[in-house]
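# Fold and contact review
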Amino acid sequence: MSIYEFAKSIALLAGERIREELSQELIIETKSNPNDLVTNMDKATEVFLVDRIKETYPDHHIIGEEGHGKDITSADGYLWIIDPIDGTLNFVHQQQNFAISIGIFHNGEKYAGVIYDVMNDKLYHAEAGKGAYLNEEKLPMLKNTALVTSIISMNPNWLTKDRTREMYVPIIRTARSARSYGSAALDFAYVALGIIDSYITLRLHPWDFAGGLIIAEEVGAVVSNQLGEKLDPLHSNSILVANQTLHQELLADYLLPFESHLRLIHSGPFSHR
Ligand code: IPD
Ligand code: CA
Ligand code: CA
Ligand code: CA
């Protein structure tokens, strides 16, 4: 079995375990603030995935949101970047709309991405250079869109903050409409699927975007930070993912006019995980 096939198989197994244990009472803790939750299921799923990878590939490196590989600073060899449950708030409040996300890099180059929408049993996956799939179905390349006919995904919290309102309100005002799904991995998957045209967010960690980056680029999406710069899978960053012409329009007409402001936001602790 290839590493890619193996990654898909452990995402499916981990998802099955989550579905089986969904009726059990969750232990919910808070992390950085009262709305930043983590559950025993997030932690157990990360341990499950890490144990499976280590059993099969003892020399691979693994970074997980819930604690694994926090000291990893090099992308040498195979590097797995895992979010055991992306969309923990949805998981806790809705028991749906969350995903398992895995991005795999080899010597810093993209190798494969897997996003498993657990409750809908939808596996988005891609091996770099070989196209992206939803379950067994190959996804078509994205069609270009203009902002006026586009649906944008953005967390409305960004519109409540002084430092971002000025940049983002004109985007939402011009777009056909906006959505917010509460799982960055699913946002990337939905761009790849073509059911939203762009996902814009000011800060994601490597585990939020590693899988999505690889899948979205396989259907021709442009993935960068909001200054148009390439993402580094080892560092947190802002995100702009969209089909090619929409990415260009958003960058040139809406984001780069705020370049100095954005550079200020990106400096300092922002880019560290
Ligand atoms: C979060 C989700 C959410 C995004 C946050 C992430 P988590 O991940 O992806 O959609 O807006 O920035 O932290 O904590 O649920 O894995
Ligand atoms: Ca989290
Ligand atoms: Ca996440
Ligand atoms: Ca998570």
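Conventions we followed
Residues numbered from 1 in each chain as written. Chains lettered and ligands numbered in written order. Predicted model: local features only at pLDDT ≥ 70, side-chain atom pairs only at ≥ 80, totals over all residues. Heavy atoms only, no water. Salt bridge = Lys/Arg side-chain N within 4 Å of Asp/Glu carboxyl O. Helix = DSSP H or I, 4+ residues; strand = E, 2+ residues; numbered from the N terminus. Buried < 20%, exposed > 50% of the residue type's maximum accessible area, 1.4 Å probe, protein only. Contact = heavy atoms within 4.5 Å. Domains from an automatic or database assignment. Buried area = accessible area lost by both parts, 1.4 Å probe.

### A look at the pattern of salt bridges
All chains considered together, the criterion is met by ten salt bridges. Where Lys-43 meets Glu-29, a salt bridge forms, and the shortest distance between an N and an O atom there is 2.8 Å. Here Lys-43 is found in helix α2 (residues 40-56), whereas its partner Glu-29 is found in strand β1 (residues 28-30), with 14 residues between them in sequence. On the accessibility criterion, Glu-29 (37% relative accessible area) is partly exposed.

### Considering the side chain of His-247
For His-247, the position within the fold is in helix α7 (residues 244-255). Among residues more than four places away in sequence, those in contact with His-247 are Val-222, Ser-224, Leu-240 and Ala-242.

### Observations regarding the domain arrangement of the chain
Segmenting the chain into domains produces domain 1 (3-138) and domain 2 (147-271). In this structure, domain 1 and domain 2 have C-alpha centres spaced 21 Å apart. Facing 40 residues of domain 1, the contacting portion of domain 2 comprises 23 residues. Where domain 1 abuts domain 2, roughly 2200 Å² becomes buried across the two surfaces, and 70% of that area is made up of carbon and sulfur atoms. Three residues, Lys-110, Ile-115 and Tyr-124, lead the burial of domain 1 against domain 2; their summed loss comes to 24% of the area buried on that side. On the surface where domain 1 and domain 2 come into contact, there are one salt bridge. One salt bridge connects Lys-110 with Glu-217, and the closest N-O pair in it is separated by 2.4 Å. Of all the secondary structure elements, the ones that give two or more residues to the side of domain 1 that touches domain 2 are β3 (61-64), β4 (78-86), β5 (99-106), β6 (109-117), β7 (122-127) and β8 (132-134). The greatest single-element share of the side of domain 1 that touches domain 2, amounting to seven residues, is contributed by β6.

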